[in-house]
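The lines below spell out each chain.
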Amino acid sequence: MALRVCFIGLGVMGYPMAGHLARAGHEITVYNRSAEKAASWVKDYGGRSAPSPAEAAANADAVLACVGRDEDLREVTLGRHGAFATMKRDAVFVDHTTASAGIARELAEAAHQRGFHFVDAPVSGGEQGAKNGQLTIMCGGGQLAYAKAEPIIAVYAKQCRRMGEAGAGQLTKMVNQICIAGLVEALSEGLSFARAAGLDPLAVVEVISKGAAQSWQMENRHKTMLENHFDHGFAVEWMRKDLAIVLEEARRNGASLPVTALVDQFYAEVEKMGGKRWDTSSLFARLEMHKA
């Protein structure tokens, strides 16, 4: 069934995600801080753009957002021209931003007070996953809220699951980032060690990737890492933003994350090397620099 859908935030993830919704036949209104990007999206996919989140969200059955940080999310929802001011009762707000669990709970309560639903739904799969409609999406929110959101999310997801009440989606995404940080550092160290030992790293990966060491990072990043190409995915500065959220949450809940904290420091070194916009596999460049 075609719905009136608003999409806020047309970055590298939001742009194709909103596009999938348009191609699925939904009536789309978009908002982006840069009006030029919104105009470009309308040219590519149809629909219309609006000059503020509030105007974009008016009369929508579902409002989706994918912005940068907690403060950006708060601005497009609760700000002076935020979407929450105009959303109709019983609509659903789906937040695809990777943000804190705290703001997810705050916005869920604000939505409840206004008579509509909220789902925190951070995504994993990167730009290619967004373009191909193959994202993994972890959700937090009430059962009814999730039931309203899931058919919409399914348009661009290969996996979508409710993990619990508001904030549970963000907490699950934190686990995802903890695991990625450790895996990328381990892969970087393994490749660096193979080189130092005089082995052919490509041959090593060909062998060990058939065993217990196999991972998505190994399969998809080892060649580009060895070639010093680091423009293939999620940027270091955004990973550091996510890890800051993770480490703050760990301070609250008492979890011990020594490896994650250490890898965050390593990413800080990559930033000092000029790698703020390199992808997360650039931990390998740090090791090779120290070896030299």
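Residues numbered from 1 in each chain as written. Predicted model: local features only at pLDDT ≥ 70, side-chain atom pairs only at ≥ 80, totals over all residues. Heavy atoms only, no water.

K.L.:
Explain unusual backbone geometry here, please?
P.N.:
Most of the time, phi is negative for any residue but glycine, and the peptide bond is trans. Its identity is not glycine, yet Asn59 carries a phi of approximately 70°, on the positive side. Among the residues examined, Asn59 registers a relative accessible area of 52% and is labelled exposed. Phi is positive for Asp90, which is not a glycine, with a value near 75°. (Buried < 20%, exposed > 50% of the residue type's maximum accessible area, 1.4 Å probe, protein only.)

K.L.:
When you look at the pattern of salt bridges in this model, what are you seeing that I'm missing?
P.N.:
One pass over the full model with this rule turns up 16 salt bridges. Measuring nitrogen to oxygen at the nearest pair gives 2.8 Å for the salt bridge that ties Lys88 to Asp61. In this pair, Lys88 sits in the loop between α4 (70–78) and β5 (92–95) while Asp61 sits in the loop between α3 (53–57) and β4 (62–65), placing the two residues 27 residues apart along the sequence. The shortest N-O distance in the salt bridge between Lys148 and Asp90 comes to 3.4 Å. Taken together, the residues span a long stretch of sequence, with Lys148 in helix α7 (residues 143–153) and Asp90 in the loop between α4 and β5 at a distance of 58 residues. By relative accessible area, which is 29% here, Lys148 ends up partly exposed. According to the relative accessible area criterion, Asp90 is partly exposed, its value standing at 43%. Bridged by salt links that share partners, the residues Glu248, Glu249, Arg251 and Arg252 form one connected network. (Salt bridge = Lys/Arg side-chain N within 4 Å of Asp/Glu carboxyl O. Helix = DSSP H or I, 4+ residues; strand = E, 2+ residues; numbered from the N terminus.)

K.L.:
I would appreciate a short explanation of the side chain of Thr29 in the present structure.
P.N.:
By the element assignment, Thr29 lies in strand β2 (residues 27–31). With a relative accessible area of 8%, Thr29 lands in the buried category. Engagement of the side chain of Thr29 in a polar contact is seen with the side chain of Arg48, the distance being 3.3 Å. Beyond its immediate sequence surroundings of up to four residues, Thr29 is in contact with Val5, Cys6, Phe7, Arg48, Ser49, Ala50 and Ala56. (Polar contact = N/O pair within 3.5 Å; in protein donor to acceptor, adjacent residues only side chain to side chain. Contact = heavy atoms within 4.5 Å.)

K.L.:
Would you mind showing me how to read helix α12 (residues 258–272) here?
P.N.:
Residues spaced three or four apart along an α-helix face the same direction, because each turn holds 3.6 residues. Taking 1.5 Å of rise per residue, 15 residues should cover 21 Å, and α12 covers 22 Å from first to last C-alpha, within 8% of that figure. Where α12 is concerned, the buried positions are Thr260, Val263, Asp264, Phe266, Tyr267 and Val270. Burial along α12 is one-sided: seen end-on, the buried residues are contained in an arc of 160°. Along α12, exposed side chains directed more than 90 degrees from the buried face belong to Pro258 and Lys272. For α12, the secondary structure elements touched by its buried residues are α8 (168–196), α11 (236–253) and α13 (283–291). Gly274, located one to two residues past α12, shows a positive phi value of around 95°. (Expected span 1.5 Å × (residues − 1). Arc of directions from axis to C-beta.)

K.L.:
Even after reading the chapter, I still don't get empty space enclosed by the protein, so can you show me in this structure?
P.N.:
Rolling a probe over the atoms, with the probe sized like a water molecule, indicates the empty space that remains. With the rule as written, the count across this model stands at 1 cavity of 30 Å³ or more. By volume, the largest cavity amounts to about 40 Å³. The wall of the largest cavity is formed by Thr98, Ala99, Gln170, Lys173, Met174, Gln177, Asp242, Ile245 and Val246. Elements with a contribution of two residues or more to the lining of the largest cavity: α8 and α11. The leading source of residues in the lining of the largest cavity is α8, at 4 residues. (1 Å grid on protein atoms, 1.4 Å probe; cavity = no way out; pocket = protein on both sides within 12 Å on 5 of 7 lines; lining within 4 Å. Points joined across faces, edges and corners; volume = space filled by probe spheres on them.)

In short, the description is geometric, and any link to function would need to be established separately.
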